[in-house]
Each structure stands twice: as C-alpha cells, then as structure tokens.
Amino acid sequence: MAPRKLAAGNWKMNGTTASLAEVDALTAPEGCGVLICPPATLIAAMAAQVQGGVMVGGQDCHAKASGAHTGDISAAQLKDAGASHVILGHSERRADHGETDAQVAAKAGAAHGMGLTAIICVGETDAQRDAGETLDVIARQLAGSVPEGASAGNTVIAYEPVWAIGSGRTPTAEQIAEVHALMRERLSARFEDGADMTLLYGGSVKASNAREIFAIAHVNGALVGGASLKAADFAPIVAALAAA
Ligand code: 13P
C-alpha cells in the first residue's frame, strides 16, 4: 500500500452558511482524498451537502468523550455531525490555547476511538529554524503528539512551519524534503505501517506552487488554509495533487 493522497482544506474561523456553496464545485478525483474542515457550526450542513466523495472534518476535539467542558466538542460529536477527520495540534491551537504534545496525543487517541482520522500537525517557529532546531522540534512533536495505536488508516501527519502559515512564505523544496524524510523515517521506525502514512505539507500552499510541492519526496498532499476557502482556488490544488 502506498500513502493515500489527500488535499485538505482548513477553513479556520472563516465561513458562515453562505460559504457552503463553495463545496458544490468540488469532487474527489480517483485516488485522491478531498477534505474540507469548516468551523464546527458548518460541519453537519456541509456533510449533508458534499458530493463526489468529498469528506468533511473538524478542527479540534476534546480528549474526553463527554462532560463539563463548556465550548468544547468531543470526537463522538464530530462523528455524529458527519465528520470523518479532525485536525489536531494545529500551531494556532498550540499558540492560542497552549495545547501540549501530550494533550494532542490524548485528543488523537479519542479521535481514533471514534473511528475518526486524526490529522496531527507539527511545525517549527521562525526562531527555532534560525536556531537550527527544526529537525529536533519536529522529532519531539512527532514523538509526543502521535499516540500509540496510530496507523496509516487512522492518522495523517501535517508538517506546517509556523512561519509559512498565512505569510506567503514557503520553505524551499530542500527544506520540505528534509523534514518529510525525517518524519517518514521516525514514523516507519515506530509504526508497522509508518511507510504508508499520509504526510501533508501546509503553509501558503496555492495553485501556483502546488505542483512543485507535490513533486517532493514523501509529500502526499497538502493542508491548505486561505486557498481552500474558495473552490476556484482549491480545485486547481486538488487537480495538481491528482496529477502528481
Ligand atoms: P495558509 O494556507 O493560509 O498558509 O494556512 C495553512 C494552515 O495553517 C492550514 O492548516
């Protein structure tokens, strides 16, 4: 089995019911998963609206199944709303909500328990890259954020350098290749089917750079923010991945 290609859109805190029409123009090409992770308020409606094999996911879940956690959402609730995936440990959640590797691993375990695929995010800051710490940071985040029980069937890893998110700056192909090679090596060493896990790159992916990024070894797709909000921007990225 080879890693399955995945083009994933992260709408972050963008979109209202008027935005749902964007998914009407999306379909999943043969051999290529297409996923949109809208705000939680839109998951159920989007799940009812998507066609052509397009999937819907959440942007976070709580590690617990239920209880007194105001404002949080459980993996079971995401599943019930029609989600198949959930993004976990995004750098914005690590920064805004102080999420730790251990918390991300616990959330991923909860997602797996509900049959959701966890998209676990890792990535270095500008300062960490400048200090030459990138590979250490990625290795540490991977070791701490990916729980036992992860497999190619229930886990996707997204490398998102914090400095590349929403900035229009992307790493060089060599920089992406170096991190993805490290991730593949660490995941293969730890998990029986680590060689088959889908590895995404994220951070200022757009139609104009997608082809070059998808040509990099061990890049099996993308986690796309801004360019996933409009089908006109996202569809060409999906097409580039299908052709890669
Ligand atoms: P941008 O594509 O807007 O840089 O966002 C990337 C991201 O954070 C996806 O999770």
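Residues numbered from 1 in each chain as written. Predicted model: local features only at pLDDT ≥ 70, side-chain atom pairs only at ≥ 80, totals over all residues. Heavy atoms only, no water.

Below, the discussion takes up the nonpolar core. Core analysis: the largest hydrophobic core is formed by 61 residues, its most contacted members being Ile 157, Met 183, Phe 214 and Phe 234. The element best represented in this core is helix H9 (residues 231-243), accounting for 6 residues. With near-sequence residues (within four places) excluded, Phe 214 lies in contact with Val 219, Gly 221, Ala 222, Ile 237, Ala 240, Leu 241 and Ala 244. The next biggest cluster of nonpolar side chains, apart from the first, holds 11 residues, and it includes Leu 6, Ile 87, Cys 121 and Ala 158. (Core = buried A, V, L, I, M, F, W, Y, C linked by side-chain atoms within 4.5 Å. Buried < 20%, exposed > 50% of the residue type's maximum accessible area, 1.4 Å probe, protein only. Helix = DSSP H or I, 4+ residues; strand = E, 2+ residues; numbered from the N terminus. Contact = heavy atoms within 4.5 Å.)

All right, on to the pattern of salt bridges then. Enumeration according to the criterion identifies 11 salt bridges in this entry. Residue Arg 93 pairs with Asp 60 through a salt bridge whose shortest N-O separation is 3.4 Å. Of this pair, Arg 93 sits in helix H3 (residues 91-96) while Asp 60 sits in the loop between strand S3 (55-58) and helix H2 (75-81), placing them 33 residues apart in sequence. For Asp 60, a relative accessible area of 14% gives the class buried. Between Lys 107 and Asp 60 there is a salt bridge, with its nearest N and O atoms 2.7 Å apart. Here Lys 107 is found in helix H4 (residues 101-113), whereas its partner Asp 60 is found in the loop between S3 and H2, with 47 residues between them in sequence. Assigned by exposure class, Lys 107 and Asp 60 land together as buried. The network of salt bridges with shared partners includes Asp 60, Arg 93, Glu 99 and Lys 107. (Salt bridge = Lys/Arg side-chain N within 4 Å of Asp/Glu carboxyl O.)

Another aspect to go through is the environment of Pro 39. Checked against the element boundaries, Pro 39 lands in the loop between strand S2 (32-37) and helix H1 (43-49). Residue Pro 39 is classed as buried on the basis of its relative accessible area, which comes to 14%. Measuring from C-alpha to C-alpha, the distance between Pro 39 and Gly 15 comes to 7.1 Å, with 24 residues separating the pair along the chain. Those residues in contact with Pro 39, other than ones at most four positions away along the chain, are Trp 11, Lys 12, Asn 14, Gly 15 and Gln 59.

All chains considered together, the criterion is met by 1 aromatic pair. Taking the centre distance of 6.2 Å and the plane angle of 65° together, the rings of Tyr 159 and Tyr 201 count as edge-to-face. A residue pair is termed long-range when its members are at least 10 positions apart, and Tyr 159 in strand S6 (residues 155-159) and Tyr 201 in strand S7 (residues 198-202) qualify at 42 residues. Taking relative accessible area as the criterion, Tyr 201 reaches 0% and is therefore assigned buried. (Phe/Tyr/Trp six-rings, centres within 6.5 Å; stacked < 30°, edge-to-face > 60°.)

Here the focus is the packing of helix H8 (residues 207-214) against H9. It is at 9 Å that the axes of H8 and H9 come closest, and there the two elements cross at 20°. In terms of axis orientation, H8 runs roughly parallel to H9. When you trace H8 past H9, the crossing you get is right-handed. Across the interface between the two elements, Ala 207, Ala 210, Arg 211 and Phe 214 from H8 touch Asp 233, Pro 236, Ile 237, Ala 240 and Leu 241 from H9. Considering only residue class, the contact of H8 with H9 consists of 7 nonpolar, no polar and 2 charged. (Axes fitted to C-alpha atoms, helices over the stretch in contact; angles between N-to-C directions. Parallel < 35°, antiparallel > 145°, perpendicular 65-115°, else oblique. Left-handed = near helix turned anticlockwise from the far one by under 90°. Nonpolar A, V, L, I, M, F, W, Y, C, P; charged D, E, K, R; others polar.)

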